[in-house]
Amino acid sequence: MSDPGPGRWQIGDKEVVVSLGAQRLWAYEGEQPILATFVSTGTAETPEVATPLGQFRLLVKLPMETMTGTVNGEPYQVEDVPYVMYFTDEGHALHGTYWHNNFGAPMSHGCVNLPMDVAEWMYRWAPEWTAVTIIP
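The sections below set out a description of the structure shown in this document. (Residues numbered from 1 in each chain as written. Predicted model: local features only at pLDDT ≥ 70, side-chain atom pairs only at ≥ 80, totals over all residues. Heavy atoms only, no water.)

With respect to the pattern of salt bridges
- Scanning the model with the defined rule gives 3 salt bridges in all.
- A salt bridge links arginine 24 to aspartate 3; the nearest nitrogen and oxygen atoms lie 2.4 Å apart. Note that arginine 24 is positioned in strand β2 (residues 24–29) and aspartate 3 in the segment before β1 (14–19), a separation of 21 residues in sequence.
- When its relative accessible area of 15% is taken as the criterion, arginine 24 is described as buried. (Salt bridge = Lys/Arg side-chain N within 4 Å of Asp/Glu carboxyl O. Helix = DSSP H or I, 4+ residues; strand = E, 2+ residues; numbered from the N terminus. Buried < 20%, exposed > 50% of the residue type's maximum accessible area, 1.4 Å probe, protein only.)

Comments concerning the sheet that holds β2
- The 5 strands lie next to each other as β3-β2-β1-β9-β4, forming an open sheet whose pairing is mixed. At either margin of the open sheet sits one strand with a lone partner, and together these are β3 (32–38) and β4 (54–57). Here the strands of the sheet are splayed against their neighbours by 20° on average, with no regard to which way each runs.
- Sheet topology places β4 next to strand β9 (residues 131–135); 4 bridges connect them, and they run antiparallel. Within the sheet, the bridge partner assigned to arginine 57 lies in β9 and is alanine 131.
- Taken strand by strand, helix α1 (residues 116–125) contacts β1, β2 and β3, and its axis lies near 145° from that of β3. (Pairing = 2+ DSSP bridges. Axes fitted to C-alpha atoms, helices over the stretch in contact; angles between N-to-C directions. Contact = heavy atoms within 4.5 Å.)

Encoded structure:
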């Protein structure tokens, strides 16, 4: 693979590493990077829409979900978000994104937006409890 990324941060068979600065994601099996892609993380215009830094695990996977919430006092609802993989109890997830194609630039409310083909692949590849690391 031409882009080995930053390397592993946690133990386990598989790990997903997301760089906020690079707006990139790498998937590792063992020490080998097997996927690199551009993503869109939180805009961080306010703390409410920042993607959190740290070490996490995939907690819950859902094939599709309607996401709702309030950001900066404004309600939102996104229907039929595919391949949702939550990594925090506060609602941060890796998920497929059909409403934009601006990967490589921050666009989200704090989630990690994935291209649709990547999201489908990751949903099949990563079981619950897969390590997820978000770096600056």
